[in-house]
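Residues per chain, in single letters:
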Amino acid sequence: ETFLLTNVIPQSPALNRGLWETLEKIISNDYAERFGQVWVICGPIFASNLGTLKDGKVLIPDGCYKIVLRVDRDGSPHALAFEMPQDLPMGHQQRDLLQYLISIGKIEQDTGIGFFPDLPAGIRTGLENDVEARMW
């Protein structure tokens, strides 16, 4: 579903062609192969009014989020959560992804969306509050 028009949001070239693209390649080329299956949720973050595209109908988000979830063989879920601003500088390297790792709870706060509502409360709370110290 990556290439559906409903999956399109305005992104600055620095974000789209930089760390966002790097993260997408890591997920598709490494995580999917290594873990067999991962789930990815991504979308826009609207914190202020950056304006609209030329047509005046499409809002420009302040940034984007991406949540990557895997479930280990023992059934335990693990998640990486990222939030990146539109004004991301060009030239970032893969190691710079670590500074954008945050909690799912922070993304929930910034978007008003509650993720994984069907998980048991204890597991969901752990996923929402944990921030991975490194990439998988």
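Heads up: the structure comes first, above all this text.
The rules behind each value
- Residues numbered from 1 in each chain as written.
- Predicted model: local features only at pLDDT ≥ 70, side-chain atom pairs only at ≥ 80, totals over all residues.
- Heavy atoms only, no water.
- Salt bridge = Lys/Arg side-chain N within 4 Å of Asp/Glu carboxyl O.
- Helix = DSSP H or I, 4+ residues; strand = E, 2+ residues; numbered from the N terminus.
- Buried < 20%, exposed > 50% of the residue type's maximum accessible area, 1.4 Å probe, protein only.
- Contact = heavy atoms within 4.5 Å.
- Phe/Tyr/Trp six-rings, centres within 6.5 Å; stacked < 30°, edge-to-face > 60°.
- Core = buried A, V, L, I, M, F, W, Y, C linked by side-chain atoms within 4.5 Å.

Caption draft 1: Local environment of the pattern of salt bridges. Tallied over the full model, the rule gives six salt bridges. Between E21 and K25 there is a salt bridge, with its nearest N and O atoms 3.6 Å apart. Taken as a pair, E21 and K25 lie in helix 2 (residues 19-35) at a separation of four residues, close to a single helical turn. Residue classification places E21 among the partly exposed positions, given a relative accessible area of 30%. Residue E24 is joined to K66 by a salt bridge in which the shortest nitrogen-to-oxygen separation is 4.0 Å. Placement of E24 in helix 2 and of K66 in strand 2 (residues 63-71) is noted, with a sequence separation of 42 residues between them.

Caption draft 2: Spatial organisation of the side chain of E128. With respect to the helices, strands and loops of the structure, E128 is situated in helix 4 (residues 121-129). Apart from residues no more than four positions distant in its own chain, E128 is found in contact with S103, I104, G105, E108 and F115.

Caption draft 3: Looking closely at the packing of aromatic side chains. Counting across every chain of the model gives five aromatic pairs. Ring centres 5.5 Å apart and planes at 80° place the aromatic pair F35 and W136 in the edge-to-face group. In this pair, F35 is assigned in helix 2 and W136 in the segment after helix 4, connecting sequence segments 101 residues apart. Judged by centre distance (6.4 Å) and plane angle (50°), the rings of F115 and F116 are tilted. Exposure remark for F115: the relative accessible area of 5% places this residue in the buried category. The exposure class assigned to F116 is buried, which follows from its relative accessible area of 16%. Linked through ring pairs, Y31, F35 and W136 together constitute an aromatic cluster.

Caption draft 4: Layout of the nonpolar core. Within the largest apolar cluster, 19 residues are counted, with the highest numbers of intra-cluster contacts made by Y31, F82, M84 and L97. Within the residue set of this core, elements represented by two or more residues are helix 2, strand 2 and strand 3 (77-85). Looking at this core element by element, the count peaks at six residues for helix 2. When neighbours within four sequence positions are excluded, F82 is seen to be in contact with L23, C64, Y65, K66, L97, Y100, L101, I102, I107 and M135. With 12 residues, the next largest nonpolar core counts Y65, I67, A79 and F115 among its residues.

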